[in-house]
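A structural walkthrough
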Amino acid sequence: MLTLASKLKKEDGGKTGRASGASDSTHRVSIRDRLLTKEVAELEANLPSTCKASFPDEDKLHHFQLAVSPDEGYYQSGRFQFEIDVPEAYNMVPPKVRCLTRIWHPNITENGEICLSLLREHSIDGTGWAPTRTLKDVVWGLNSLFTDLLNFDDPLNIDAAEHHLRDKEDFRNKVQDYIKHYAR
């Protein structure tokens, strides 16, 4: 069976990473970091026009921020910040994502928790995380939470979803109020 570790070893020409008997832990680049080098380049080439990724420390591709500025719908004119942390076990487990901007949204709590199936490690509907997914999928999924994936039927923030069902215009006003105070 071909594994990613054996493929990377083969690409390196079978090098063990040891230099004159020294421990290889100081010379190894983790599989996560190798994947991220490739994925970040792909992400930057395919970023939605409404998104901007920023890396506070360019040596730590596993920690970055994403700004989403929807150009349509309820959240148009807002700028929403997300923090993305990619764990060492990536790509076997999904990145950890948190919304840093306070928002009135059925799929994002005011504390920043996010309901997006591809961020779930285990999903009943089969749309959860899989090792074939990439950071590009995560970014496009977060971007879609403001348009296509806006889901009032299976909310994380039940109050926001019920508010929308009760009074769509008042919901829109509250969203705009949050944007004015928190998302500029």
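For the structure itself, look to the data block above.
The structure displayed is predicted, hence computed values, not measured ones. (Residues numbered from 1 in each chain as written. Predicted model: local features only at pLDDT ≥ 70, side-chain atom pairs only at ≥ 80, totals over all residues. Heavy atoms only, no water.)

**Section: helix α4 (residues 158-166)**
Buried residues of α4: Ala160, Ala161, His163 and His164, and no others. Viewed along the axis of α4, the buried residues span an arc of 160°, placing them on a single side of the element. Turned more than 90 degrees away from the buried face of α4 sit Asp159, Leu165 and Arg166, all of them exposed. Those residues of α4 hidden inside the fold are in contact with α5 (168-182). (Buried < 20%, exposed > 50% of the residue type's maximum accessible area, 1.4 Å probe, protein only. Helix = DSSP H or I, 4+ residues; strand = E, 2+ residues; numbered from the N terminus. Arc of directions from axis to C-beta. Contact = heavy atoms within 4.5 Å.)

**Some thoughts on the packing of helix α2 (residues 31-45) against helix α3 (residues 135-144)**
Closest axis-to-axis distance for the α2/α3 pair is 9 Å, and the angle between their directions is 40°. Comparing the axis directions of α2 and α3 gives the class oblique. The segment α2 lies against α3, with Leu36, Glu39, Val40, Glu42 and Leu43 engaging Leu135, Lys136 and Val139. Considered class by class, the residues forming the contact of α2 with α3 number five nonpolar, no polar and three charged. (Axes fitted to C-alpha atoms, helices over the stretch in contact; angles between N-to-C directions. Parallel < 35°, antiparallel > 145°, perpendicular 65-115°, else oblique. Nonpolar A, V, L, I, M, F, W, Y, C, P; charged D, E, K, R; others polar.)

By themselves, these are just geometric observations and shouldn't be taken as functional.
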